[in-house]
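Observations on chain architecture
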Amino acid sequence: MKYLALVLILIFSVPLWAVEPDEVLDDPVLEERAREISKNVRCVVCQNEPIDSSNAGVARDLRILIRERIMAGDTNAEVEAFLVARYGDYVLFKPPFKPSTYALWIGPLALMLLGLGVAGLALRRQSGRPSEGLSADDLAEANALLAQLTSKDDDAHNSEQASDPRDPDI
Amino acid sequence: MRRVLVFLPLLIVAVLGGFFVWGLNGDRDPNAIPSALVSRLAPAFDLAPIDGIDTPGLSQADLIGQSDASVVNVFASWCVPCRAEHPVLTRFAREEGVALMGINYKDRAEDAAGWLRELGNPYDRIGHDFTGRTGIDWGVTGVPETFVIDAQGRITFRFAGPLVTEQAVGNLRDALITARGVEPGS
């Protein structure tokens, strides 16, 4: 029973958020928007943590600021633009798609397509080869060699048969 | 066409290799945040003075349309590196004869006043940014931070961290000389 309670607690426990009760907006819809924005905003002190889960002082200030902007009637994009004007694209975890970030967004896809193209080309070249068959000269030479081999084999069998009583075909 | 394609793998390796060499460069600080404010006008703000000291407050108007460039330093009494850079900054302002403006970041007035009484006050103006809101407008990620503002009020240089190494002070001096319109070294 004790274990069951422990397991249930672990299953239903939610992650601990840094957002403090006094920051939370009364309107759940606006609060949800604030949380959504906060998750994509980098804490400028801890850098790899979104401000949504950071306990740094600046992160708290930015969370409150985001809620103020939302209360003032800003759209999500306007709030993000407000932050980018002060901290640059760096403050967003998802950088915008623009000329200076084309390499970032398109690069991996372009490399993959290039790799697939090269692999496809190589595979097609390899599978195309055997179906070309042998030229008439090569075929004649191969047949001559085969004929030579089979005649030698016959000699060997004949000599073996003399000393070995077993059936040579086995 | 085929001859060109032969060199394609080499080209790709060279581009990737160049990127890796750049990434391994020991002088590059991967934690450095590029400032969005450099080459822009100082943000709009108006800060009251710190209670208990005579130094006047600081606003955007004090930085725009001046006769000379100025240096803006963000500091706090609770910030240990600020204490370390304080004598360097004091000497720098005296030697260069530049207006040194302070933004006192998230500090209690009595703490800031006591700190300045203890260490000396090299600032011509200090704005008391108790809430840290002006710090956000300046894109401050921590204290101390130092900016160079040209006479028109444009931010020409930002340095995050204490001005304690010769290289940091040299960079600040070069930036100030550039902001004053004189080529560095002349």
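Right above here is the structure, for reference.
Since this is a predicted model, take the numbers as computed values, not measurements. (Residues numbered from 1 in each chain as written. Chains lettered and ligands numbered in written order. Predicted model: local features only at pLDDT ≥ 70, side-chain atom pairs only at ≥ 80, totals over all residues. Heavy atoms only, no water.)

Things to note about the environment of V80 of chain B
Residues and elements named next belong to chain B. Put simply, the test is: Numbering of helices and strands runs from the N terminus, with a helix taken as a DSSP run of H or I at least four residues long and a strand as a DSSP run of E at least two residues long. Under the scheme applied here, a residue whose accessible area is under 20% of the maximum for its type counts as buried, over 50% as exposed, and between as partly exposed, the area being computed with a 1.4 Å probe on protein chains only.
Residue position: V80 is located in helix 3 (residues 80-96). Residue V80 is classed as exposed on the basis of its relative accessible area of 63%. The spacing of V80 and P162 is 82 residues in sequence and 9.4 Å in space, taken between C-alpha atoms.

A word on the sheet that holds strand 6 (residues 145-149) of chain B
Sheet strands line up and pair through hydrogen bonds in the backbone, either parallel or antiparallel. Residues and elements named next belong to chain B. For the record, the criterion: Two strands make a pair as long as DSSP finds a minimum of two bridges between them. Fitted lines through C-alpha atoms give the axes, limited to the stretch in contact for helices. The angle between two N-to-C directions lies from 0 to 180 degrees. The criterion used for residue contact is that any of the two residues' heavy atoms lie within 4.5 Å.
Ordered by their spatial adjacency, 5 strands build an open sheet running 5-4-3-6-7, and the pairing between neighbours is mixed. Both outer strands of the open sheet, strand 5 (125-129) and strand 7 (155-160), are each paired with one neighbouring strand and no more. Shown here is a sheet whose adjacent strand axes are inclined to one another by a mean of 15 degrees, direction ignored. Of the pairings in the sheet, the one linking strand 3 (residues 70-75) to strand 6 comprises 5 bridges and is antiparallel in character. The partner of S70 across the bridge, within strand 6, is I149. In this fold helix 6 (residues 166-179) packs onto strand 3, strand 6 and strand 7, with an angle of close to 170 degrees to the strand it touches most, strand 7.

What about empty space enclosed by the protein?
Rolled over the atoms, a probe with the dimensions of a water molecule shows which regions are left empty. As a reminder, the rule being used: In the cavity and pocket records, a cavity denotes points on a 1 Å grid over the protein atoms alone where a 1.4 Å probe fits but cannot get out, a pocket denotes an open set with protein on both sides within 12 Å along at least 5 of 7 lines, and lining residues are residues with an atom within 4 Å of a point. Grid points are joined across faces, edges and corners, and a volume is the space filled by probe spheres set on the points. Polar here means any residue other than Ala, Val, Leu, Ile, Met, Phe, Trp, Tyr, Cys and Pro, which are nonpolar, and Asp, Glu, Lys and Arg, which are charged; Gly is therefore polar.
Tallied over the full model, the rule gives 1 cavity of 30 Å³ or more. Size it by volume and the largest cavity reaches roughly 40 Å³. Taken together, R86 and Y87 of chain A together with I33, P34, S35, A36, G139 and R158 of chain B form the lining of the largest cavity. When the residues that make up the lining of the largest cavity are grouped by side-chain class, the tally is 4 nonpolar, 2 polar and 2 charged.

Regarding the packing of aromatic side chains
Residues and elements named next belong to chain B. What counts is decided by this rule: In summary, the pairing rule links any two rings of Phe, Tyr or Trp, Trp by its six-membered ring, whose centres are within 6.5 Å, and it sorts them by plane angle into stacked for under 30 degrees, edge-to-face for over 60 and tilted for everything else.
Enumeration according to the criterion identifies 7 aromatic pairs over all chains in this entry. On the numbers, 5.5 Å between centres and 20 degrees between planes, the contact of F75 with W115 is stacked. Of the two residues, F75 sits in strand 3 while W115 sits in helix 4 (residues 109-119), which places them 40 residues apart along the sequence. Residue F75 is classed as buried on the basis of its relative accessible area, which comes to 1%.

Overview of unusual backbone geometry
All names here are of chain B. Residue P144 is bonded to the preceding V143 through a cis peptide linkage, with omega at -5 degrees. The phi torsion at S39 lies on the positive side, around 75 degrees, for a residue other than glycine. By the element assignment, S39 lies in the loop between helix 2 (8-24) and strand 1 (46-47). For K106, which is not glycine, the phi torsion reads 45 degrees and is therefore positive. By secondary structure assignment, the location of K106 is in the loop between strand 4 (99-105) and helix 4.

A look at the state of the cysteines
All names here are of chain B. Let me state the cut-off plainly: Criterion for a disulfide: a pair of cysteine sulfur atoms within 2.5 Å.
Evaluation of the coordinates by the stated rule reveals 1 disulfide over all chains. Each sulfur of the disulfide joining C79 and C82 lies 2.1 Å from the other. Sign of the S-S torsion, about 90 degrees for the bond between C79 and C82, identifies this disulfide as right-handed. By the burial criterion, C79 is buried, and C82 matches it.

Some thoughts on the pairing of strand 4 of chain B
Residue and element names in this part refer to chain B. What counts, and what does not: For crossovers, right-handed means that the path from the first strand over the helix to the second runs clockwise, given strands pointing away from the viewer.
For strand 4, the tally of buried residues reaches 6 of 7 residues, placing the bulk of the element in the interior. Here strand 3 runs beside strand 4; their pairing, made up of 6 bridges, is parallel. The partner of V71 across the bridge, within strand 4, is L100. In the classification by handedness, the crossover that spans strand 3, the intervening helix 3 and the parallel strand 4 is right-handed. Bridge analysis of strand 4 against strand 5 gives 5 bridges, and the strand direction is parallel. Bridge pairing links M101 to R125 in strand 5. One crossover worth recording links strand 4 to the parallel strand 5 by way of helix 4, and it is right-handed.

What about the side chain of H128 of chain B?
Selection criterion: In protein, a polar contact means a hydrogen-donor-capable atom and an acceptor-capable atom, both N or O and within 3.5 Å, with residues adjacent in sequence counting only if both atoms are side-chain atoms; elsewhere, any N or O pair within 3.5 Å suffices.
Tracing the sequence through the fold places H128 of chain B in strand 5. A polar contact is formed between the side chain of H128 of chain B and the backbone oxygen of D107 of chain B, at a distance of 2.7 Å.

That's the geometry; what it means functionally is another story.
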